[in-house]
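Survey of secondary and tertiary structure
The primary structure of each chain is shown beneath.
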Amino acid sequence: FWVARMILMTTYIIGEIPFEKVYFHGMITDEKGKKMSKSSGTGIDPVEVIDKYGADALRLSLLVGNPAGNDMCLREEKIVGQRNFVNKLWNIFRFVVGNINDGNYGNKVDPKDLSGLQMNLEDKWILSRLDRVIQRNSVSLDKYKLSLAIEELENFVWHDLADWYIEIVKSDLYGDDENRKMVAQKILIYILANVLILLHPFAPHVTEVLWENLSGGNWGKLIEANWAIGSGFANEKLDNKFEEIKSVVVANRVLLHDYGLENEKDNKLFMKLNRDDVDAEYLSEINKRLIKNVDIVEIVETLTSDMVSYSTPIADTGVIVTGDVRKREEQKVLEEIKKFSKYFIGLEKKLANKEYVANAPKEVIEKDKNKYIEAKATMDSLLERKEKLSGK
C-alpha cells in the first residue's frame, strides 16, 4: 500500500513516478516467529547490536539465508556467526599482509600481472573459482538475489580461500623458493582485493578499512573502485581436476579420524593410484601439507591386508593400524554399533509394520523411509570399519 500510495500521489502532484523498481524484504520475526515489535518488547535494538557486534555483522545477518520476500527469524546466534565471518576476513587480511614483502606491498595486481606467472594447480584453481564467483555475483546482484550473492561469496572466502588455498601456500610463503613465494603473494593480493570489492556492498565498513591498509593508501577509496570483472581464468576442466585432489585429502582425513589416528604422530599413508593421468608427486605433497601428522606418503602398486583403507576415483589410500590401536578402535566401533542398532532396528520394524504403513500419512512414511536409508548407510559404514579393524 505504501508503494501504491507513493506512485499515485507523486503522479497526481508532479506528473512523475518516484521509482520504477522496488525490493521487498520479508517481515523480521523473533525466535518464536512473532513479528518484531518495540511496543511488545520483541524487538532487537540495532544500536545495541552494532555496539556489541559491529554494523557489518548486523547487515550481513539480515541478508544471509533471507531470500527476497521471505519472513526471517533474526537470532543473536546468527549475528554472532556473521561477526565471526568478519573476524575471519580480518585474519585472512593479517595473514596476507604479514606475508607480503616490501616490493609487493601497496602494488595493485591486475590479471595481466598474473598471466605470465609459473603457477601450480592450486593457483589456477583458486583464480578459476574467483572468476566464477565474480560472474555469479554480478548476475545475482543484477537480479536482486542479494542473499544468494553474499552466501556464495562467504563460502568462497571461508572454504576455498581460507581452508584450502591459504593452507596449501603457507609452506611456500614460509619457504626458501623466492619464485613460489612471489607467485603466492601476487595471487593473494589479487584475490583479497577482489573479495573486498565484491563484499563492499554488504559490509562497507570493514572492507573500506582493509582496502586502505592493503593498498597502503595508493588505490583510492574502495567505494569509488570499479566493480570486479573477472580475469578469464575460469576453467571447468581444471576445477574438476583439483576437486578430485580435494576428495582424496578429505577421504584421508576421514580415514585417520575413523580409525583414531588423527592425533598419532608420524602417520604414513600408502596410496595406490587408480588412473594414469594422476600426478603422484603433486598428490603426495598436497596431502602432506594439508593433513596433520602426515609426513610420508608412499605410492604403491597394491594395498596390503594389514592396512585399513578408503577409496576415491583417483586413488585408494591405506594406513597401517598397530595391534593396540586396532583393539582400541574396534572396541569403540562395537559400542557405536550397539548404541545405533536400537535406532536402526526400530526404524526397520516400523516400516515392516504393514498396518502402520497403510494408515500413516504418506509424507510421514516418506520421511521414515529417508531416515532408514540414512541409517542403513551409517550402519553399513560402521560394520565395514569393524570388519577392517578385525582383519576379516
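Residues numbered from 1 in each chain as written. Predicted model: local features only at pLDDT ≥ 70, side-chain atom pairs only at ≥ 80, totals over all residues. Heavy atoms only, no water.

For strand β3 (residues 267-273) and strand β4 (residues 294-299), the ladder comprises five bridges, and the chain directions are parallel. Pairing of Phe270 across the sheet is with Glu298, part of β4. Tracing the backbone out of β3, into helix α11 (residues 280-290) and back to the parallel element β4 gives a crossover that is right-handed. (Pairing = 2+ DSSP bridges. Helix = DSSP H or I, 4+ residues; strand = E, 2+ residues; numbered from the N terminus. Right-handed = clockwise from strand over helix to strand, strands pointing away.)

What follows deals with the packing of helix α3 (residues 55-63) against helix α4 (residues 76-98). One way to put it is that α3 packs onto α4 with a least axis distance of 8 Å and a crossing angle of 120°. Comparing their axes, α4 and α3 come out oblique. Where α3 crosses over α4, the two elements pack in a sense that is right-handed. Every residue of α4 that contacts α3 at Asp56, Ala57, Leu58, Leu60 and Ser61 is listed here: Lys78, Ile79, Gln82, Arg83, Phe85 and Val86. Its residues assigned to classes, the contact of α3 with α4 comprises six nonpolar, two polar and three charged. (Axes fitted to C-alpha atoms, helices over the stretch in contact; angles between N-to-C directions. Parallel < 35°, antiparallel > 145°, perpendicular 65-115°, else oblique. Left-handed = near helix turned anticlockwise from the far one by under 90°. Contact = heavy atoms within 4.5 Å. Nonpolar A, V, L, I, M, F, W, Y, C, P; charged D, E, K, R; others polar.)

Bringing a nonpolar patch on the surface into the picture now. The grouping of Met9, Tyr12, Ile13 and Ile14 at the surface amounts to a nonpolar patch, some 520 Å² of accessible area in total. Topologically, Tyr12 is positioned in helix α1 (residues 2-14). (Patch = residues over 30% accessible without salt bridge, like charges linked within 9 Å, V, L, I, M, F, W, Y side chains within 5 Å. Areas by Shrake-Rupley, 256 points an atom, 1.4 Å probe, with all protein chains shown as cover. Salt bridge = Lys/Arg side-chain N within 4 Å of Asp/Glu carboxyl O.)

This brings us to helix α6 (residues 121-142). The terminal C-alpha atoms of α6 lie 32 Å apart, and with 22 residues this matches the ideal 32 Å at 1.5 Å per residue to within 8%. Immediately downstream of α6, the backbone of Tyr144 shows phi near 60°, a positive value. (Expected span 1.5 Å × (residues − 1).)

Moving on to the nonpolar core. Counting residues in hydrophobic clusters, the biggest one holds 95 residues, and the most contacted among them are Leu114, Leu127, Ile187, Leu188, Ile191 and Leu199. When residues of this core are assigned to their parent elements, the largest contribution, 14 residues, is made by helix α8 (residues 178-199). Leave out the neighbours within four places in its chain, and Leu199 touches Leu60, Phe85, Leu89, Ile150, Leu153 and Thr207. Core analysis: the second largest hydrophobic core is formed by eight residues, Val49, Tyr53, Leu58 and Met72 among them. (Core = buried A, V, L, I, M, F, W, Y, C linked by side-chain atoms within 4.5 Å. Buried < 20%, exposed > 50% of the residue type's maximum accessible area, 1.4 Å probe, protein only.)

With that settled, the discussion passes to the side chain of Asp316. By the secondary structure assignment, Asp316 is in strand β6 (residues 315-320). On the accessibility criterion, Asp316 (14% relative accessible area) is buried. Within polar-contact distance, the side chain of Asp316 engages the side chain of Ser311 at 3.1 Å. Sequence-distant contacts of Asp316, defined by excluding residues within four places in its chain, comprise Phe270, Met271, Lys272, Asn274, Leu303, Tyr310 and Ser311. (Polar contact = N/O pair within 3.5 Å; in protein donor to acceptor, adjacent residues only side chain to side chain.)

With that settled, the discussion passes to the pairing of β6. Burial runs high along β6: five of the six residues are buried. For β3 and β6, the ladder comprises four bridges, and the chain directions are antiparallel. Along β6, the bridge assignment pairs Met271 with Thr317. Two elements, strand β5 (residues 307-311) and β6, share five bridges in a ladder whose sense is antiparallel. Within β6, the residue paired with Tyr310 across the bridge is Thr317. Linkage of β5 to β6, two consecutive antiparallel strands, is achieved through a turn of three residues.

This part covers the sheet that holds β6. With mixed pairing, four strands are arranged side by side in an open sheet as β4-β3-β6-β5. Two strands close off the open sheet at either side, each with one partner strand: β4 and β5. Taking each pair of neighbouring strands and ignoring which way they run, the sheet shows an average axis angle of 25°. The strands touched by α11 are β3, β4 and β6; relative to β4, the strand with the most contacts, the crossing angle is about 160°.

Here the structure, examined in full by the defined rule, presents 19 salt bridges. In this structure, Arg132 engages Asp239 in a salt bridge whose closest nitrogen and oxygen atoms are separated by 2.8 Å. Of this pair, Arg132 sits in helix α6 while Asp239 sits in helix α10 (residues 236-258); the two residues are 107 residues apart in sequence, bridging distant segments of the chain. For the residue pair Arg132 and Asp239, the accessibility class agrees, reading buried in each case.

All right, on to the side chain of Lys181 then. Locating Lys181 in the fold gives a position in helix α8. Look at Lys181 and you get buried, because its relative accessible area is 17%.

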